[in-house]
Amino acid sequence: MATMESLIGLVNRIQRACTALGDYGGGDQAFSSLWDALPSVAVVGGQSSGKSSVLESIVGRDFLPRGSGIVTRRPLVLQLQKTENGQQEYAEFGHMPRRRFSDFAMVRKEIADETDRITGKSKQISPVPIHLSIYSPNVVNLTLIDLPGLTKVAVEGQPESIVEDIENMVRTYVEKPNCIILAISPANQDIATSDAIKLAKEVDPSGERTFGVLTKLDLMDKGTNALDVLEGRAYRLQHPWVGIVNRSQADINRSVDMIAARRKEREYFATSPDYGHLSSKMGSEYLAKLLSRHLESVIKARIPSITSLINKSIDELESELDHLGRPIAVDAGAQLYTILELCRAFDKIFKEHLDGGRPGGDRIYGVFDNQLPSALRKLPFDRHLSMQNVRKIVSEADGYQPHLIAPEQGYRRLIEGSLNYFRGPAEASVDAVHFVLKELVRKSMAECQELKRFPTLQSTIAGAANEALERFREESRKTVVRLVDMESSYLTVDFFRKLPQEVEKMGNPERGNPRESAAAANNVDRYAEGHFRRIGSNVSSYINMVSETMKHSIPKAVVYCQVKEAKQNLLNYFYTQIGKREGKQLGELLDEDPALMEKRQQYAKRLELYKKARDEIDSVSWVR
């Protein structure tokens, strides 16, 4: 059967572990973690309400900074852990996990110094909490959160929003359903004006989570008492009110220890004519035990939901660790296998981009369907086959001997000059597809989650892939240029044989003597504008035919030389080279990103924490 201390101690251990692993960072994000599911006690009160004295009475140590105005300027998450009798008391800070403080005056100084590190030596506040654990045989297992005191006005050096800022900060804690509210109110003020009770009533209207504490009972005017409040007549809560007698300022100045202060408090209630009948339920020692018992009952009720959350966290962490990848083996064979598996994972994603399983491959079709036809249409054939240029080329082609029937040399020079223009679109298509393939390599590399672990290998594979693409581009460039050159090297004769024979037309018998008509046609057409226009028109028709051929043959060549090669052989050369590497060189490729290594270690620690917490909870049984 588990004791109250074991249950609360278990929660405290989980909370401390969460703090050490960074699960609790303050602000909204903190309350989405396991911490949010674990019960804790938030100490709420106005400035100078006696919050610090109550906490020190519960702890039994003088360890909190004191002064006027806002002394608590950051939340203090205080975790008390009961130890065996006779063991030395000590404290540890979350930001200094390996240093133990046995001098509590140094604890007070470190709280003040750590506050100043975030807020500066000013009166500003910060929601970033300070985590402090105190181990002592004189405490009960509790988690207490000391919050800045509520205030009504901003003093010099504070922004006008300080009142609202403090209230909003306090609300982020007390609004949570697992938060127990310890509402501190001074007895020498009207309870109706209590800032703590006002806020508690707003966030916990049923009073199920609120414990009322009256401080400074010994400072009330003579002839008055706080029985109406303590007995629940002035303001009723579901839990009993507890009265506290704090150390006086004179006691603090004289450094009266807490043991003496507690004894003095017990004597006050035992001998008080007003509160003597309530003495067994008054004082800081009773308050600590009351809170501890209540925490036990809350924890019992929360165990199923805590277990469920822990199991969910374990599943998520294991999934994330699988996503990040487990630690790699050290032998060369296993390392080589890992590298090849990672290469295949990358290659699979790259192929999915090309085949349409992932976006991007369609851009290659866009090159063939849009860019290439557009580039072909924009070629300057109109300028090349202008009347002036045709006349010039045809006239110069025959030299000193004019052509007899058809200007064949002129035709060939016009066609060859036109075909050279196809080189530009052909090479541009190669470059455009190369750019798309490089972009797909980059995207595939970014999408390959397994490779993110190994930046060196990632960079090496990317370099090998791009090197292969360069080889494919060069081969593709040579091929498309050959296609253009082939068109220039042998013209399609049938195309010209099908053209109307000019001489025959001019030699029509109906027009007279054929021989004379042909001679006249040669003499006239050779220098006439119509003659050169027909030549330009014939060449243009032939070039259009070749353009249609190029529009289909260039994509075929590019796909064969670049796309198909990239799909089938992108990493073949790399596979060959990697197989020649030795163990040390393989290990260098599997040099993980330090940030990911740290992330995996953190997840592994969290996983260990949650599994240990689950095992502890499963092993705990309690009285039903």
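Bear in mind the structure is a predicted one, so any value in this text is a computation, not a measurement. For every chain, the first residue of the written sequence is number 1, and numbering continues from 1 along that sequence. Note on the predicted model: pLDDT of at least 70 is required for a residue's local features to be given, and 80 or more for side-chain atom pairs to be given and counted; whole-chain, interface and lining totals, by contrast, use all residues. Calculated side-chain values reflect all of the structure's heavy atoms, with hydrogen atoms and water omitted.

J.: Help me understand the overall build of the protein in this model?
T.: A tally of helices and strands in the protein yields 24 helices and nine strands. Think of it in three bands: with a 1.4 Å probe and only protein chains considered, a residue is buried below 20% of the maximum accessible area for its type, exposed above 50%, and partly exposed in between. Here the protein, with 624 residues, has 49% of them falling under the buried criterion. Accessible areas in this description were obtained via Shrake-Rupley with a 1.4 Å probe; residue shielding takes into account the shown protein chains only. Approximately 31500 Å² of the protein is accessible, and the part contributed by carbon and sulfur atoms is 50%. To qualify as a helix, a DSSP run of H or I must reach at least 4 residues; to qualify as a strand, a run of E must reach at least 2; elements of each kind are numbered from the N terminus.

J.: What is the right way to read the pairing of strand S8 (residues 210–215) from this model?
T.: Taken across its six residues, S8 has six buried, putting it largely inside the fold. Every second residue of S8 is oriented toward a common face, with Thr 210, Gly 212 and Leu 214 on one face and Phe 211, Val 213 and Thr 215 on the other, all of them buried. Pairing analysis gives six bridges linking strand S7 (residues 179–186) to S8, with the strands arranged parallel. Across the sheet, Pro 186 pairs through a bridge with Thr 215, a residue of S8. Regarding the hand of the β-α-β motif, the stretch spanning S7, helix H6 (residues 195–203) and S8 is right-handed. Note that S8 and strand S9 (residues 242–243) share two bridges and pair parallel. Bridge assignment links Leu 214 to a residue of S9, and that residue is Gly 243. When DSSP finds two or more bridges between a pair of strands, those strands are recorded as paired. The crossover handedness rule: strands pointing away from the viewer, path from first strand over the helix to second strand clockwise, crossover right-handed.

J.: How do you make sense of the side chain of Glu 487 when you look at a structure like this?
T.: By secondary structure assignment, the location of Glu 487 is in helix H17 (residues 455–489). The sign given to each residue is positive for Lys and Arg and negative for Asp and Glu; His and the chain ends receive no count. Within this document, salt bridges are pairs made up of a side-chain nitrogen of Lys or Arg and a carboxyl oxygen of Asp or Glu, the two lying within 4 Å of each other. Buried Glu 487, no salt bridge; nearest opposite-charge side chain is Arg 412, N-O distance 11 Å. Throughout, a contact is declared for two residues whenever any of their heavy atoms are within 4.5 Å. Among residues more than four places away in sequence, those in contact with Glu 487 are Leu 419, Tyr 542, Val 546, Thr 549 and Met 550.

J.: Please clarify how the packing of helix H5 (residues 162–174) against H6 should be interpreted in this entry.
T.: When two helices pack together, their arrangement is captured by the angle between the axes and the distance separating the axes. Note on geometry: axes are C-alpha line fits, over the in-contact stretch for helices, and angles between N-to-C directions span 0 to 180 degrees. Running from amino to carboxyl end, H5 crosses H6 at an angle of 50 degrees, the nearest separation of the two axes being 11 Å. With respect to H6, the axis of H5 lies oblique. For H5 against H6, the interelement crossing comes out right-handed. Residues Glu 167, Val 170, Arg 171 and Val 174 of H5 form the contact with H6, whose participating residues are Leu 199, Glu 202 and Val 203. In this classification, Asp, Glu, Lys and Arg are treated as charged, Ala, Val, Leu, Ile, Met, Phe, Trp, Tyr, Cys and Pro as nonpolar, and every other residue, Gly included, as polar. The class makeup of the residues in the contact of H5 with H6 is four nonpolar, no polar and three charged. Roughly parallel means an angle under 35 degrees; roughly antiparallel, over 145; roughly perpendicular, 65 to 115; everything else is oblique. Should the near helix be turned anticlockwise from the far one by less than a right angle, the crossing is left-handed, and should it be turned clockwise, the crossing is right-handed.

J.: Would you mind going over the environment of Phe 435 with me for this structure?
T.: Tracing the sequence through the fold places Phe 435 in helix H16 (residues 423–447). Spatially, the C-alpha atom of Phe 435 lies 9.5 Å from that of Ile 364, the residues being 71 residues apart in sequence.

J.: What exactly am I supposed to notice about the packing of helix H12 (residues 362–377) against H16 here?
T.: Two elements in contact, H12 and H16, have axes whose closest approach is 10 Å; the angle formed by their N-to-C orientations is 155 degrees. In terms of axis orientation, H12 runs roughly antiparallel to H16. Helix-helix and strand crossings are classified by hand; for H12 and H16 the assignment is right-handed. Side by side, H12 and H16 meet where Arg 363, Ile 364, Val 367, Phe 368, Gln 371, Leu 372, Ala 375 and Leu 376 of the first sit next to Pro 425, Ser 429, Ala 432, Val 433, Phe 435, Val 436, Leu 437 and Glu 439 of the second. Broken down by class, the residue content of the contact of H12 with H16 amounts to 12 nonpolar, two polar and two charged.

J.: Would you explain the packing of aromatic side chains in this entry?
T.: To describe a pair of aromatic rings, one takes the distance between the centres and the angle between the planes. The rule is short: rings of Phe, Tyr and Trp, with Trp giving its six-membered ring, pair when the centres are within 6.5 Å, and they are stacked under 30 degrees, edge-to-face over 60, tilted in between. Under the defined criterion, the tally for this structure stands at 11 aromatic pairs. For the ring pair Phe 269 and Tyr 275, a centre distance of 6.3 Å and an interplane angle of 65 degrees mean the geometry is edge-to-face. Comparing Phe 269 with Tyr 275 shows no difference in burial state: the two are buried. In this arrangement the basic side chain of Arg 471 is found over the ring face of Tyr 573, its NZ or CZ atom lying 5.2 Å from the centre. Over a ring means this: the NZ of a Lys or the CZ of an Arg is within 6 Å of the ring centre and within 35 degrees of the ring normal.

J.: Teacher, can you tell me more about the environment of Gly 463 here?
T.: As for its position among the elements, Gly 463 is in helix H17. Along the chain, Gly 463 and Val 441 lie 22 residues apart, while their C-alpha atoms are 9.9 Å from each other.

J.: What's the story with helix H15 (residues 408–419) in this structure? I'm lost.
T.: Since the α-helix advances by 3.6 residues per turn, residues separated by three or four positions end up pointing in the same direction. The span expected for a helix works out to 1.5 Å for each residue beyond the first. Under the 1.5 Å per step criterion, the end-to-end length of H15 is 16 Å for 12 residues, consistent within 8% with the ideal 16 Å. Of all the positions in H15, only Gly 410, Tyr 411, Leu 414, Ile 415, Ser 418 and Leu 419 are classed as buried. Looking straight down H15, one finds its buried side chains confined to an arc of 160 degrees; they lie on one side. If you follow the buried residues of H15, they end up packed against helix H13 (381–384), helix H14 (387–397), H16, H17, helix H18 (493–497) and helix H21 (529–569). For this quantity, the arc is that covered by the directions from the helix axis to the C-beta atoms.

J.: Can you walk me through the pattern of salt bridges in this structure?
T.: Going through the model one piece at a time under the given rule, you end up with 35 salt bridges. The residue Lys 51 makes a salt bridge to Asp 146 at a minimum N-O spacing of 2.9 Å. In this pair, Lys 51 is assigned in helix H3 (residues 51–59) and Asp 146 in strand S6 (residues 142–146), connecting sequence segments 95 residues apart. With respect to class, Lys 51 is no different from Asp 146; both count as buried.

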